[in-house]
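Here are the chains, one letter per residue:
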Amino acid sequence: MSDLKQLTMLQLIIVFISSMIGIGIILMPRDLANTVDSQDLWLSIIFGALAVSVVSCIYVALAVRYPGLTFFEMTSAIMGRFVGFLFNFFFVVYSLIVAAYILRVTGGIIKNYLLDTTPLYIVVGSFMLVSMYLIYNGAGDIVRFFQLYFPIMMVMFIVLCLLSIKNLDFNNVRPVFQNNIWVTISGAQITFFSFLGMEFLLIFSKLIKKKKAKNLLITMWTSIGLTALIYVVFHIISIGVLGVEELKEITFPTIEMAKSIEFQGFFFERFELIFLFGWLTTAFTSFTAYMYTLTLGLKNMFTPTRWFLPVAGILILALTLYPEGLTEVFHYSTYIQLISVAAIVILPALLLIVSLVRGNTYAT
Amino acid sequence: MPRKVFFTSWILLFVLTGCWDIKEIEDVGIVTGMGLDFNEETDELTMINQYVVPARIPTQQSSSQHQSDPYQNISQSGKTFFEIIRNNSLESNRPPNYTHLKSILASTALFEKERADQVIDLFIRDHEFRRTTPVYLTRGPVLDILNTEPAKELFPSIQIKSLSENFQKNNQNPTNLSIGDMSQLISEDKSFLIPGITLNEGNIKSSGAGIIEAESSNYVGWIDVEDMEGVRYIHNTVQGGFIYLDEEMVQEGPIILEIKGSKTKFQTKVTGDEPEMTLQIATSTVLAEDWGTGRDVYKAGWKKEIEEASNNVIQGKVERVLKIAQQEYRIDFLDISKWIQIHEPKYWKEHEKEWNEIFPDMNFNVEVTTEITDFGTQNFNTEE
């Protein structure tokens, strides 16, 4: 077990940002361009962030009322054993599906750009083995890992932004604020899901015992704000380099944007490979967080044993290899979004309401 | 303990297998240039791959004796490009690798027969091709150009690309169009220009540009090298070059002004349903060459006449290109629509579909202001 017992605010911010930024940063530009269809699409991210900030209040309220309890323990404390089990089951299914989705898209990207001829199950399997090794030692080590790689991720993003400036055509981003505002706001239904990850406040709660509501809110809003900032910058660059019409058609827009960076004879002549390594870490961190949730959930629902980690691995692997191609994967994403809303908005909201009605807290 | 050792060595067995499918760089057929053409006889596509032959690249030791060309062009015909690439392995022992592709040269004949969006599909779909590879167009046979021995570069395909790097020095050089830009313009439903290349007495020469029309995605016409200057002003890509003023335009002449920088501003106005555009071109120049003898640059007022003449020259060039676009081809290959979209978003949303009918009858005003900032290190004034 790790020696990490209590997270600082900074560590918490790092956990949130690392788990929020994942495959969303690669896939979101295309979905957003198709929905909003305007140069203003980056505005939708801000609306999405606002929506998420509101939802995050539910988590903070729960975390304050039940300090030290994870989501899985909370459910039975609030709803009773049977309903709690159902809630846990649903949340476990949600983590399983999201973990498999992240893994499959990551595998697709690795196969497309890096390991052309390696079979998918090797790519996906080895990715997961590393993650399992990290989870084996518990939440403390996961946080340490996030902390270790966070600067690398940030440097990679900043370098990508700086190198893209040469290709940036601001005329592609213009005109600003001319789109129908309701269409832009409706884009929030897509951007909302790229902020998935703030629910880990209720998962890493063993490490967040002594925190005040105000501090937690500031922490969450800072992480959401920083993530939104990164997203907005990336989207403006993506539009500036590729144009909105082109974004609609590119499978992995952000990677193509990195691919259009070229400095002849310079070390960065092919920058997208370096960027991919940096990005893979972010995908790895979000995947690890979800797999940890899955393992934790399984342990809470049944008699805890060590064997739930491999079980979680097998479940994820099976679900990852189930879709035939990326077309099916992207097709499922609509259903995944529905499940996500149920799992991370409706369930915690219900918990909070029932808890308020019954007036019980962990402290009493 | 033995279990741990066993486990570790078992893992190592998988991790340290390393390079079992290693490919030596010498054994990879690096392709620097690609030619796309249409074979009229067989009614098939033709693709030329320019392979590097590393052994024939002259080194410092052996540079004295003449060697044969360090490249090999393999030209094949087929129904699709992918098929041709794979059929290359019937002729070449080295599998082609396109990660270092420097230029793609297509013929107008190909774009007359096939749609541009269909032609470039493979090059934007396959991850081995880069979005930054520039595309060029030629009116002659592609193979002839790729077979020309370049003067300063080793490979014709690299020579083609290097020419376009002169765009800061000469206004008549078209700026590069990468395959990514091309894909962007196609998905935005815009007509556009592809930089042109011709063979001139055995030399590769940059010359004008070919027009691809949006709707048919076909080649429809050619912009001559003289008209490229106007295009560059409208595209707002002028960074250098010169303005030639002959004796008819200035009293003492001819005069050459070197362009130090230029900026084009677009102002739009919509009156009723009629859009109108004003192009404000501000050019900063210096006196580069003066064949007139009686000019006193130390006396105020010498600039005025030259600046006015230069204004007229630039205005004439820009208006000529606009006339070609509006009257001859009746399509907007100059990306004028972008400025309407930026400045008049409401109008653009309503009339986006009818742009092809609106553009030919649009009113353009061209306003040029040239300023001469410098005259050089010495000035002959013999008529005193």
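Residues numbered from 1 in each chain as written. Chains lettered and ligands numbered in written order. Predicted model: local features only at pLDDT ≥ 70, side-chain atom pairs only at ≥ 80, totals over all residues. Heavy atoms only, no water.

Below, the discussion takes up the packing of aromatic side chains. Given two aromatic rings, their pairing is described by the distance between the two centres and the angle made by the two planes. Residue and element names in this part refer to chain A. Considering all chains together, one arrives at 32 aromatic pairs over all chains under this definition. Pairing Phe204 with Tyr292 gives two aromatic rings, centres 5.4 Å apart and planes at 20°, and the pair type is stacked. Residue Phe204 is located in the loop between helix H10 (188–191) and helix H11 (213–242), and its partner Tyr292 is located in helix H14 (residues 271–301); the two are separated by 88 residues in the primary sequence. For the residue pair Phe204 and Tyr292, the accessibility class agrees, reading buried in each case. Within the aromatic cluster, the residues linked to one another by ring pairs are Phe71, Phe72, Phe91, Tyr94, Phe200, Phe204, Tyr290 and Tyr292. Here Arg30 stacks its cationic end above the ring of Phe330, 4.7 Å away from the centre of that ring. (Phe/Tyr/Trp six-rings, centres within 6.5 Å; stacked < 30°, edge-to-face > 60°. Helix = DSSP H or I, 4+ residues; strand = E, 2+ residues; numbered from the N terminus. Buried < 20%, exposed > 50% of the residue type's maximum accessible area, 1.4 Å probe, protein only. Lys NZ or Arg CZ within 6 Å of the ring centre and 35° of its normal.)

This part covers the pattern of salt bridges. Enumeration over the complete set of coordinates arrives at 15 salt bridges over all chains. One salt bridge connects Lys260 of chain B with Glu258 of chain B, and the closest N-O pair in it is separated by 3.6 Å. Across the pair Asp335 of chain B and Lys338 of chain B runs a salt bridge, and its minimum N-O distance is 3.7 Å. Each member of the pair, Asp335 of chain B as well as Lys338 of chain B, carries the same accessibility label: buried. Sharing partners across several salt bridges, the network here consists of Asp169 of chain A together with Glu188, Lys190, Asp335 and Lys338 of chain B. (Salt bridge = Lys/Arg side-chain N within 4 Å of Asp/Glu carboxyl O.)

All names here are of chain B. On the surface, a nonpolar cluster with roughly 1,000 Å² of combined accessible area is contributed by Phe6, Phe7, Trp10, Ile11, Leu12, Leu13, Phe14, Val15 and Leu16. Mapped onto the elements of the fold, Val15 is located in helix H1 (residues 2–15). Relative accessible area serves as the criterion here: at 56%, Val15 is assigned to the exposed category. (Patch = residues over 30% accessible without salt bridge, like charges linked within 9 Å, V, L, I, M, F, W, Y side chains within 5 Å. Areas by Shrake-Rupley, 256 points an atom, 1.4 Å probe, with all protein chains shown as cover.)

Right, let's get into the domain arrangement of chain B. Residue and element names in this part refer to chain B. Splitting chain B by domain gives domain 1 (24–223) and domain 2 (228–384). Taken over C-alpha atoms, the centre of domain 1 sits 32 Å from the centre of domain 2. Between domain 1 and domain 2, the residue contacts involve 22 residues of the former and 22 residues of the latter. Overall, the association of domain 1 and domain 2 removes approximately 1,800 Å² of surface from exposure, summing both partners, and the carbon and sulfur fraction of that is 58%. Of all residues in domain 1, Asn171, Lys190 and Ile223 give up the largest surface area on contact with domain 2, accounting jointly for 34% of the area buried on that side. Put simply, Lys190 and Asp335 hold a salt bridge, and the shortest N to O gap is 3.2 Å. Seen at the junction of domain 1 and domain 2, the total is 6 residue pairs in polar contact (both at pLDDT 80 or more). Looking at the side of domain 1 that touches domain 2 element by element, the count peaks at 4 residues for strand E9 (residues 219–223). Partitioned by chemical class, the residues of the side of domain 1 that touches domain 2 number 9 nonpolar, 9 polar and 4 charged. (Domains from an automatic or database assignment. Contact = heavy atoms within 4.5 Å. Buried area = accessible area lost by both parts, 1.4 Å probe. Polar contact = N/O pair within 3.5 Å; in protein donor to acceptor, adjacent residues only side chain to side chain. Nonpolar A, V, L, I, M, F, W, Y, C, P; charged D, E, K, R; others polar.)

A separate point is the packing of helix H6 (residues 120–135) of chain A against helix H15 (residues 308–321) of chain A. Residue and element names in this part refer to chain A. Look at H6 against H15: their axes get within 11 Å of each other, and the N-to-C directions meet at 155°. Between H6 and H15, the angle falls in the class roughly antiparallel. Regarding H6 and H15, the two cross each other, and that crossing is right-handed. Each of Leu120, Tyr121, Val124, Gly125, Met128, Met132 and Ile135 in H6 lies in contact with H15, whose residues at this interface are Leu309, Pro310, Gly313, Ile316, Leu317, Thr320 and Leu321. (Axes fitted to C-alpha atoms, helices over the stretch in contact; angles between N-to-C directions. Parallel < 35°, antiparallel > 145°, perpendicular 65-115°, else oblique. Left-handed = near helix turned anticlockwise from the far one by under 90°.)

It is worth spelling out the sheet that holds strand E11 (residues 255–271) of chain B at this point. Residue and element names in this part refer to chain B. Spatially, E10-E11-E12-E13 is the arrangement adopted by the 4 strands of the open sheet, whose pairing is mixed. One side of each edge strand has no neighbouring strand; the edge strands of this open sheet are strand E10 (242–245) and strand E13 (363–374). On average, each strand axis in the sheet is tilted by 35° relative to the strand beside it, whichever way the strands run. Bridge analysis of strand E12 (residues 274–290) against E13 gives 11 bridges, and the strand direction is parallel. Paired with Ser284 across the strands is Glu371, a residue of E13. Against the sheet, helix H11 (residues 336–343) touches E11, E12 and E13, its axis set at about 50° to E11. (Pairing = 2+ DSSP bridges.)

In this section: unusual backbone geometry. For the peptide bond that leads from Arg174 of chain A to Pro175 of chain A, omega is -5°, which places it in the cis range. Structurally, the position occupied by Pro175 of chain A is in the loop between helix H8 (170–173) and helix H9 (181–186).

Here the focus is the interface of chain B and chain A. In this assembly, 21 residues from chain B lie in contact with 28 residues from chain A. On the chain B side of the contact with chain A, His127, Arg130 and Arg131 of chain B bury the most area, a combined 33% of that side's loss. Run the count over chain B and chain A and you get 3 salt bridges. For the pair chain B and chain A, the number of links is 8 residue pairs in polar contact (both at pLDDT 80 or more). For the side of chain B that touches chain A, the secondary structure elements donating two or more residues are helix H8 (179–187), H11 and helix H12 (345–351) of chain B.

Looking down a regular strand, the side chains alternate between one sheet face and the other. Residues and elements named next belong to chain B. Most of strand E8 (residues 203–212) is tucked away: 8 of the 10 residues are buried. Pairing analysis gives 8 bridges linking strand E7 (residues 192–200) to E8, with the strands arranged antiparallel. When the sheet's bridge partners are listed, Asn200 is paired in E8 with Asn203. If you look at the hairpin formed by E7 and E8, you'll find 2 residues sitting between the two strands, and Glu201 has a positive phi there, around 50°. As paired elements, E8 and E9 share 4 bridges and run antiparallel to each other. By the bridge assignment for E9, Ile211 is matched with Gly221. From the end of E8 to the start of E9, which pair antiparallel, there are 6 residues, and Ser217 there has a positive phi angle of about 55°.

All names here are of chain A. For H15, with 14 residues, the first-to-last C-alpha span of 20 Å sits near the 20 Å given by 1.5 Å per residue. Those residues of H15 not exposed but buried are Phe308, Leu309, Ala312, Gly313, Ile316 and Thr320. For H15, the angular spread of buried residues about the axis comes to 145°, placing them on one side. Buried-residue contacts for H15 involve helix H5 (81–114), H6 and H14. (Expected span 1.5 Å × (residues − 1). Arc of directions from axis to C-beta.)

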